[in-house]
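# Secondary and tertiary structure notes
The lines below spell out each chain.
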Amino acid sequence: MDGELASMLRAWRDRADPAEVGLPANGHRRAPGLRREELALLAGISIEYVVRLEQGRTRTPSASVCSALARALRLTDAEQAHLFRLAGHADDPERVSRQIPAGVRWMLERLEDRPIVVLDAMFTMIAWNDLYAALYGDPSALDERERNTLWRHFVRGSGRQRHTAEAREAFERSIVADLRGSTSRYPRDPELRRLVDELLVASPRFAQLWRERQVAAVQPSRKMVDHPEVGTVNVDCDALATQIGDLRLLIMTPADDESRGRLELLATLGTQAWSIS
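Going by an unreviewed UniProt entry, the chain carries the name Transcriptional regulator with XRE-family HTH domain and comes from Kribbella sandramycini.

Right, let's talk about a negative patch on the surface for a bit. A cluster of acidic residues, Glu 112, Asp 113, Asp 130 and Glu 264, forms a negative patch on the protein surface. Mapped onto the fold, Glu 264 is located in helix H12 (residues 257–269).

What follows is about the side chain of Asp 189. For Asp 189, the location among the structural elements is in the loop between helix H9 (165–185) and helix H10 (190–202). Within polar-contact distance, the side chain of Asp 189 engages the backbone nitrogen of Leu 192 at 3.1 Å. Ignoring sequence-local partners within four residues, the contact set of Asp 189 consists of Glu 94, Arg 95 and Val 96.

In this section: the packing of aromatic side chains. Scanning all chains against the criterion turns up three aromatic pairs. Note on Tyr 132 and Tyr 136: the rings are 4.7 Å apart at their centroids and 20 degrees apart in plane angle, and the pair reads as stacked. A residue pair is termed a helical-turn pair when its members lie 3 or 4 positions apart in one helix, as Tyr 132 and Tyr 136 do in helix H7 (residues 130–136) at four residues. Exposure class is identical for Tyr 132 and Tyr 136. Each is buried. Aromatic pair Phe 206 and Trp 210: ring centres 5.4 Å apart, planes at 20 degrees, arrangement stacked. Of the two residues, Phe 206 and Trp 210 both sit in helix H11 (residues 204–211), four residues apart, roughly one turn of that helix. With relative accessibility at 9%, the residue Trp 210 sits in the buried group. Feature note: the residues Phe 154, Phe 206 and Trp 210 constitute an aromatic cluster, connected by ring pairs. One residue, Arg 248, lies across the ring of Phe 123, its end atom 5.9 Å from the ring centre.

What the six strands build is an open sheet, ordered E2-E1-E6-E5-E4-E3; its pairing is antiparallel. Pairing within the sheet leaves two strands with one partner each, and these edge strands are strand E2 (125–128) and strand E3 (161–162). Where E3 and strand E4 (residues 221–227) come together, two bridges link them in antiparallel fashion. Within the sheet, the bridge partner assigned to Gln 161 lies in E4 and is Val 225.

On to the packing of helix H8 (residues 149–156) against H10, then. Between H8 and H10, whose axes approach to 10 Å, the crossing angle comes to 10 degrees. Put simply, H8 runs roughly parallel to H10. Two secondary-structure elements touch here, H8 through Leu 150, Trp 151, Phe 154 and Val 155 and H10 through Glu 198, Leu 199 and Ala 202. Broken down by class, the residue content of the contact of H8 with H10 amounts to six nonpolar, no polar and one charged.

Right, let's talk about the pattern of salt bridges for a bit. One pass over the structure, following the stated rule, counts 28 salt bridges. In this structure, Glu 169 and Arg 173 form a salt bridge, with 2.5 Å as the shortest nitrogen-oxygen distance. One end of the pair is Glu 169 and the other is Arg 173, both in helix H9 and four residues apart, which spans about a single turn. Overall, the relative accessible area of 26% leaves Arg 173 in the partly exposed class. When salt bridges that share partners are traced, they join Arg 95, Arg 98, Asp 120, Glu 144, Asp 189 and Glu 191 into one network.

Definitions and limits used
- Here, residues in each chain are numbered from 1, in the same order as that chain's written sequence.
- Given that this is a predicted model, residues contribute local features only at a pLDDT of at least 70 and side-chain atom pairs are listed and counted only at 80 or more, while totals for whole chains, interfaces and linings are drawn from all residues.
- To get the side-chain values, all heavy atoms of the structure are used, and hydrogens and water are removed first.
- Only residues whose relative accessible area exceeds 30% and that form no salt bridge enter a patch; like-charged residues are grouped when within 9 Å of one another, and nonpolar side chains (Val, Leu, Ile, Met, Phe, Trp, Tyr) when within 5 Å.
- Computed with the Shrake-Rupley method and a 1.4 Å probe, the accessible areas treat only the protein chains shown as cover for residues.
- For this document, the term salt bridge refers to a Lys or Arg side-chain nitrogen within 4 Å of an Asp or Glu carboxyl oxygen.
- In this count, Lys and Arg are taken as positive residues and Asp and Glu as negative ones, while His and the chain termini are left out.
- Taken as the charge location is NZ of Lys, CZ of Arg, CG of Asp or CD of Glu.
- Counting from the N terminus, the helices are the DSSP runs of H or I reaching at least four residues and the strands are the DSSP runs of E reaching at least two.
- Each polar contact in these results corresponds to two N or O atoms within 3.5 Å; when the atoms are within protein, one needs to be able to donate a hydrogen and the other to accept it, and residues that are neighboring in sequence are counted only if both atoms are side-chain atoms.
- In this description, contact between two residues means that some pair of their heavy atoms is separated by no more than 4.5 Å.
- Paired rings are identified among Phe, Tyr and Trp, the last through its six-membered ring, by centres lying within 6.5 Å, and are further divided according to the angle between planes into stacked (under 30 degrees), edge-to-face (over 60) and tilted (the rest).
- Partly exposed residues are those whose accessible area sits between 20% and 50% of the maximum for their type, while under 20% is buried and over 50% is exposed, using a 1.4 Å probe and protein chains only.
- Lysine NZ or arginine CZ positioned within 6 Å of the ring centre and within 35 degrees of the ring normal marks a charge as sitting over the ring.
- Here the rule is simple: two strands pair whenever DSSP picks up at least two bridges between them.
- In this analysis an axis means a line fitted to C-alpha atoms, helices contributing only their contacting stretch, and an angle means the value between N-to-C directions, from 0 to 180 degrees.
- The cut-offs work like this: below 35 degrees is roughly parallel, past 145 is roughly antiparallel, 65 to 115 is roughly perpendicular, and the gaps in between are oblique.
- Lys, Arg, Asp and Glu make up the charged group, whereas Ala, Val, Leu, Ile, Met, Phe, Trp, Tyr, Cys and Pro make up the nonpolar group; the residues left over, Gly among them, are polar.

Okay, here's the thing in structure tokens:
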């Protein structure tokens, strides 16, 4: 319905409790709920874009923007599904989902001492906690393709993340084999097909692994992250798959006492002005 998306976003913003998202509830608020600039900050989008959405001048936000808005507004699973439908992303079991179940959002908010990132079935980052952003760099400013783990690894390079030769081999085989499985679950998803086609052209290494036609779920791994301020942080990364949405939840645990101390320092410092590499 024309205007329904704008009306729902305004209603959800007015309903939101600033205290629940870590904002001061006191002070001079002319209206209940979140201010537009607060919603923009929490969702990682511009204030101007929030204004256009609420005025009905933008009716088709991307799936990644919808995920960010749902998280910032603390929508229930039913409300999130309604948001996606209003934005033109109808529920379709043949398309990769970007919807983040409320239980997963709860984990992102509660497990503050471990870096956590949520990936869709294409390995695109769709949510993360503050400690992940502090360790790897805040992905908020990246476009959707740059948020894709396979694209960044095979085309752009691993950024702050380092691998031994053995670990790199295992990591590459794992994520390519997992992506291969996604293509059979979502054979008609055009974005997934486009990603594979672009990787085949841009990365000879990806093309080589793709031709091997291995299928497997992504495996746990150890990662070395070179942070520009605190130095190298070694983490063990566990990959959990969600039943709803076919998401991958990567939870990182410090692999040694020195790395634990550096993560604790990062938790104190926050993201500061460090952008993703």
